[in-house]
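The primary structure of each chain is shown beneath.
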Amino acid sequence: MANVRDLKKDINYVLGDIIEAAYVWEYAHTGKDTKKTEAIVDEAINTFDELIAKVNEKKVENKKAHFKAINAELETKGQALIEKINALD
């Protein structure tokens, strides 16, 4: 990982794309109930807030391991949200 700025950008881009995908699904399926997509968007926003708070923590002993853990958490939570979008019908 290059730096904190790139990690913040990755968090923003990944979760932003997930939110956009949820809205695209809503637009493509106008007759469907939107409660599930709203829940996905809310979860993405909460994940964003949590990860940015972790990135901004000041008292961290091993910064490299801390940021690697945040990156891994982004991957797992992002993948879970993508699977939820793919499971919509």
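K.L.:
Describe in detail the pattern of salt bridges, supporting the description with residues and values.
P.N.:
Using the criterion set out here, one finds four salt bridges in the structure. Here Lys 77 and Glu 50 are joined by a salt bridge, their closest N and O atoms 3.0 Å apart. You can see Lys 77 sitting in helix α3 (residues 63-86) and its partner Glu 50 sitting in helix α2 (residues 35-55), a full 27 residues away along the chain. Looking at Glu 50, the relative accessible area reads 38%, which means it is partly exposed. Glu 73 is the partner of Lys 54 in a salt bridge, and the nearest nitrogen-oxygen pair spans 2.7 Å. Taken together, the residues Lys 54 in helix α2 and Glu 73 in helix α3 connect sequence positions 19 residues apart. Given the relative accessible area of 28%, Lys 54 is considered partly exposed. When salt bridges with common partners are traced through the structure, they connect Glu 50, Lys 54, Glu 73 and Lys 77 into a single cluster.

Cut-offs applied
- Residues numbered from 1 in each chain as written.
- Predicted model: local features only at pLDDT ≥ 70, side-chain atom pairs only at ≥ 80, totals over all residues.
- Heavy atoms only, no water.
- Salt bridge = Lys/Arg side-chain N within 4 Å of Asp/Glu carboxyl O.
- Helix = DSSP H or I, 4+ residues; strand = E, 2+ residues; numbered from the N terminus.
- Buried < 20%, exposed > 50% of the residue type's maximum accessible area, 1.4 Å probe, protein only.

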